[in-house]
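# Survey of secondary and tertiary structure
So the chains spell out like this:
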Amino acid sequence: DKTERKQLTDHPANDWMPVVAPDGAAIYFASNRAGATGIWRMNSDGSDQRQIASSGGFPLAVSPGGEWIYFESVFDRGLR
């Protein structure tokens, strides 16, 4: 929307593969900040960052209502 850019994460670990929820309220991403790779969620302004799955995977998509997160596992390469 061409507003001023803002850094959303500043943890020294790796954060990657961000997926924005359809309503724009949340961002889901993969991170290894808890040791192993897991899926994390934060509000779109970067607040309330928390791990929601220690799946060893990364998010691919969020359902239209935000009830489901589709992710790919790094262990068996299957869609979950």
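Residues numbered from 1 in each chain as written. Predicted model: local features only at pLDDT ≥ 70, side-chain atom pairs only at ≥ 80, totals over all residues. Heavy atoms only, no water.

## Details of the environment of A30
Among the secondary structure elements, A30 is positioned in strand β2 (residues 26–31). Distance in space between the C-alpha atoms of A30 and S44 is 15 Å, their sequence separation being 14 residues. With near-sequence residues (within four places) excluded, A30 lies in contact with N14, D15, W16, M17, T37, G38, G57, F58 and P59. (Helix = DSSP H or I, 4+ residues; strand = E, 2+ residues; numbered from the N terminus. Contact = heavy atoms within 4.5 Å.)

## Overview of the confidence of the model for the protein chain
Summing up the model confidence of the protein chain, the mean pLDDT is 86 and the portion of residues at 70 or higher is 90%. Between the elements of the protein chain, mean pLDDT differs from a low of 84, seen in strand β6 (residues 69–73), to a high of 95, seen in β2. (pLDDT = per-residue confidence, 0-100.)

## Notes on the pairing of β2
Counting buried positions over the six residues of β2 gives six, a clear majority of the element. Where burial is concerned, the two faces of β2 agree: the one with A26, Y28 and A30 and the one with I27, F29 and S31 are both buried. Sheet analysis places strand β1 (residues 15–20) next to β2, joined by four bridges and oriented antiparallel. Within the sheet, the bridge partner assigned to D15 lies in β2 and is S31. Between β1 and the antiparallel strand that follows it, β2, lie five residues; G24 among them carries a positive phi value of about 80 degrees. The sheet contact formed by β2 and strand β3 (residues 38–43) spans six bridges and is antiparallel. Bridge pairing in β3 places A26 opposite N43. (Buried < 20%, exposed > 50% of the residue type's maximum accessible area, 1.4 Å probe, protein only. Pairing = 2+ DSSP bridges.)

## Topic: the side chain of R41
Examined against the element boundaries, R41 turns out to sit in strand β3. We note that R41 is buried and unpaired, the nearest opposite charge coming from D48 at a distance of 4.1 Å. Of the polar contacts made by the side chain of R41, one reaches the side chain of N43; its length is 2.9 Å. In contact with R41, not counting residues within four places along its chain, are A25, A26, I27, Y28, F29, D48, Q49, R50 and I52. (Lys, Arg positive; Asp, Glu negative; His and termini not counted. Salt bridge = Lys/Arg side-chain N within 4 Å of Asp/Glu carboxyl O. Polar contact = N/O pair within 3.5 Å; in protein donor to acceptor, adjacent residues only side chain to side chain.)

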